[in-house]
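The chain contents come next:
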Amino acid sequence: MLRYLPGLLLLLWQLLLLPPPAVPGPLDRPGFLRLGTRGPGGSPGRRPAPAAPTGTPYSGAGQHGGARGAGVCKSMPLDLVFIIDSSRSVRPLEFTKVKTFVSRVIDTLDIGPADTRVAVVNYASTVKIEFHLQTHSDKQSLKQAVARITPLSTGTMSGLAIQTAMDEAFTVEAGARGPASNIPKVAIIVTDGRPQDQVNEVAARAQASGIELYAVGVDRADMESLRMMASEPLDEHVFYVETYGVIEKLSSRFQETFCALDPCALGTHQCQHVCVSDGEGKHHCECSQGYSLNADKKTCSVINKCALNTHGCEHICVNDRTGSYHCECYEGYTLNEDRKTCSAQDQCALGTHDCQHICVNDRAGSHHCECYEGYTLNEDKKTCSVRNQCALGSHGCQHICVNDGAASYHCDCYTGYTLNEDKKTCSAIAEARTLISTEDACACEATLAFQDKVSSYLQRLNTKLDDILEKLAANEYGQIHR
């Protein structure tokens, strides 16, 4: 054994002095992308991101395919788990670069219970879940938690880390959203070495469970292992950087990957009135007040609020061209200050009635015309015509006015009077004079003789009555004194 020792030492010495064998460069290996060479952007669920239209604003000028401009790109909701390698091969400064990369990706996302939720799985020979999807709901607390992460130890158990993420991080209990939510489940694994366990089978199970895997290799990372871990298509899910010093620049790549173009901001929505972003590149159209969305879900029509009977007008609702309405009142009413209710006008008091004689207010806020006594209302319901001049008291008859109809009359007198020549006044009739002048003279003398004879008889009767009374009185006196 000792005799072979010098030869072995010589062989070892030669091996140490020889340069390392040539290794194909990352760009020569099919199935992954190096920073700055990535093809058309993909998004969770393997949906290719649409190309930015001409004139779309960009941020991060100078970067290939820079991030979409603010307002045009909105990150879609995700359940995102970072699986980061912290084995001994990752030096402390390099591990800090990894944490910076994670924080910058978080900065590009909309974080919140209804938006993207983030968890971190730290691994080496052991696996530690630093925090779950439900632990932090805002960017500040997330980034602070990332900054506190420390490296673990030696070893690179990538398969175990993926299995732990699948079993413990992507569960509803840990904050992942269920299948009904249609929220993509995404894992980004960052490593600089070769896995010390099997990754192909566990990665296949993770992908079968609905987890989309992105693999980021740094420096000495094994490219074949990255390809086994990542989802298809590989050219959209495998990334490579030569050093940790440039890994943070990958954050813009993931911003583009997780970006949903906002058609409302792009102006490609075709909404007639209002475009509302729903996230994930989706939108819906709404209409301005007073309009309703048509069946095409894009154009708008004026709402007939009067037909809806929600207008509150007491009397009349009138549609306006603007999709609004106003209230009006029936004739004889005025609109109150609330612009909806109405009050009756007193047209009689206002003097706007046009009645010739009398204006009478009705409860309905209207009015009607009437005529003085002796007049009748004409067909126009406003003017009046004489009906009974006798009733008017202007006939001039001294005794009696007799109506002859058709606005005519004549005068008459009481019994014992006669109408004078003026046809209005009356004079008493001289009845005694008329009888004397018309009787027979002989009959008159006989009447006078009869009257004298009656008077003579009456005088003699009176004389006899006086004698009888005296005798009666004397007889009564004699009997008393006996």
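Quick look at the structure, then.

Thresholds applied
- Residue positions are counted from 1 within each chain, in the order its sequence is given.
- Restriction of local features to residues with pLDDT of at least 70 applies here, the model being predicted, together with a cutoff of 80 or more for giving and counting side-chain atom pairs; totals for whole chains, interfaces and linings are based on all residues.
- Side-chain measures were taken over the full set of non-hydrogen atoms in the model, leaving aside hydrogen atoms and water.
- Every helix listed is a DSSP run of H or I at least four residues long, and every strand listed is a run of E at least two residues long, numbered separately from the N terminus.
- Buried means the residue's accessible area, taken with a 1.4 Å probe over protein chains only, is under 20% of the maximum for its type, while exposed means over 50%, and partly exposed covers the values in between.
- Note on charges: Lys and Arg go in the positive column, Asp and Glu in the negative column, and His and the chain ends are not counted at all.
- Any Lys or Arg side-chain nitrogen found within 4 Å of a carboxyl oxygen on Asp or Glu counts as a salt bridge.
- Identification of polar contacts relies on pairs of N or O atoms within 3.5 Å, with a donor-acceptor requirement for protein atoms, meaning one able to donate a hydrogen and the other able to accept it, and with residues adjacent in sequence counted only if both atoms are side-chain atoms.
- Stacked, edge-to-face and tilted are the three classes for Phe, Tyr and Trp ring pairs, Trp counted by its six-membered ring, which pair at centre distances within 6.5 Å; planes under 30 degrees apart are stacked, over 60 edge-to-face, the rest tilted.
- Residue count minus one, scaled by 1.5 Å, sets the expected span of a helix.
- Only heavy atoms matter for contacts: two residues are in contact if any of them lie within 4.5 Å across the pair.
- A pair of strands counts as paired when DSSP detects no fewer than two bridges linking them.
- Here a crossover is taken to be right-handed if, once the strands point away from the viewer, the path from the first strand over the helix to the second is traced clockwise.
- An axis is simply a line fitted to the C-alpha atoms; with a helix, the fit covers only the stretch in contact. Between two such axes, the angle follows the N-to-C directions and lies from 0 to 180 degrees.
- The cut-offs work like this: below 35 degrees is roughly parallel, past 145 is roughly antiparallel, 65 to 115 is roughly perpendicular, and the gaps in between are oblique.
- Residues are grouped as follows: Ala, Val, Leu, Ile, Met, Phe, Trp, Tyr, Cys and Pro are nonpolar; Asp, Glu, Lys and Arg are charged; all remaining types, including Gly, are polar.
- By definition, disulfides here are pairs of cysteine sulfur atoms that lie within 2.5 Å.
- Here a patch means residues that are over 30% exposed by relative accessible area and free of salt bridges, tied together within 9 Å if like-charged and within 5 Å if nonpolar (Val, Leu, Ile, Met, Phe, Trp, Tyr).
- Note on areas: these come from Shrake-Rupley sampling with a 1.4 Å probe, and a residue is covered only by the protein chains present in the view.

## Let's talk about the side chain of Asp85
Here Asp85 shows up in strand E5 (residues 79-85). One buried charged side chain, Asp85, makes no salt bridge at all; its nearest oppositely charged neighbour is Arg220, positioned 8.2 Å away. Among the polar contacts made by the side chain of Asp85, one reaches the main-chain amide nitrogen of Ser87 at a distance of 2.9 Å. A polar atom in the side chain of Asp85 sits 2.9 Å from the side chain of Thr191.

## What to know about the packing of aromatic side chains
For the coordinates displayed, the defined rule picks out six aromatic pairs. Relative to Phe254, the ring of Tyr214 lies with its centre 5.6 Å away and its plane at 70°, an arrangement referred to as edge-to-face. Residue Tyr214 is located in strand E9 (residues 211-218), and its partner Phe254 is located in helix H8 (residues 250-257); the two are separated by 40 residues in the primary sequence. There is no split in this pair, since Tyr214 and Phe254 are both buried. Taking 5.0 Å as the distance between ring centres and 45° as the angle between the ring planes, the aromatic pair formed by Phe239 and Phe254 counts as tilted. You can see Phe239 sitting in strand E10 (residues 238-241) and its partner Phe254 sitting in helix H8, a full 15 residues away along the chain.

## Structural notes on helix H2 (residues 92-107)
Taking 1.5 Å of rise per residue, 16 residues should cover 22 Å, and H2 covers 23 Å from first to last C-alpha, within 8% of that figure. Tucked inside the fold, the buried residues of H2 contact E5, strand E6 (117-123), helix H3 (139-147), strand E8 (185-191) and H8.

## Brief notes about the pairing of E9
A regular strand carries its side chains on alternate faces of the sheet. The element E9 is extensively covered by neighbouring structure, given that eight of its eight residues are classed as buried. By the alternation rule, side chains of E9 split into Ile211, Leu213, Ala215 and Gly217 and Glu212, Tyr214, Val216 and Val218, which are all buried. Looking at chain direction, E8 and E9 are connected through seven bridges and run parallel. Note that in E9 the partner of Val190 across the bridge is Val216. Handedness of the crossover joining E8 and E9 through helix H5 (residues 200-208) is recorded here as right-handed. Here E9 pairs with E10 via four bridges, running parallel. Looking at E10, one finds that Val218 is bridged to Val241.

## Regarding the packing of H2 against H3
With their axes 9 Å apart at the nearest point, H2 and H3 run at an angle of 170° to one another. In this view, H2 runs roughly antiparallel relative to H3, as classed from their interaxial angle. On H3, the residues that touch Lys99, Val102, Ser103, Ile106 and Asp107 of H2 are Lys139, Leu142, Lys143, Val146 and Ala147. The residue makeup of the contact of H2 with H3, split by class, is five nonpolar, one polar and four charged.

## Here we look at the state of the cysteines
One pass over the full model with this rule turns up 11 disulfides. For Cys306, the disulfide goes to Cys317, at an S-S distance of 1.9 Å. The S-S bond linking Cys306 to Cys317 shows a torsion near -70°; that makes this disulfide left-handed. Of this pair, Cys306 sits in helix H10 (residues 305-308) while Cys317 sits in strand E16 (residues 316-319), and the two are 11 residues apart along the sequence. Judged by its relative accessible area of 19%, Cys317 is buried. Each sulfur of the disulfide joining Cys413 and Cys426 lies 1.7 Å from the other. The chirality of the disulfide connecting Cys413 with Cys426 is left-handed, given an S-S dihedral of about -90°. Of this pair, Cys413 sits in the loop between strand E25 (408-412) and strand E26 (417-419) while Cys426 is found in strand E27 (residues 426-428), placing the two residues 13 residues apart along the sequence. Taken individually, Cys413 and Cys426 each receive the classification buried, so the pair is uniform in this respect.

## Comments concerning the environment of Ser301
Tracing the backbone shows Ser301 in strand E15 (residues 300-302). Given the relative accessible area of 29%, Ser301 is considered partly exposed. In this structure, the C-alpha to C-alpha distance between Ser301 and Cys287, residues 14 residues apart in sequence, is 8.4 Å. In this structure Ser301 touches Gly290, Tyr291, Ser292 and Asn294, once residues within four positions along its chain are discounted. At 2.6 Å, the side chain of Ser301 forms a polar contact with the side chain of Asn294.

## Notes on a nonpolar patch on the surface
A surface patch of nonpolar side chains, about 770 Å² in accessible area, is lined by Phe450, Val454, Leu458, Leu461, Leu465, Ile468, Leu469 and Leu472. Within the secondary structure layout, Val454 lies in helix H14 (residues 441-480). Taking the relative accessible area as the measure of exposure, Val454 reaches 32% and is therefore partly exposed.

Don't take any of this as a statement about function, it's just geometry.
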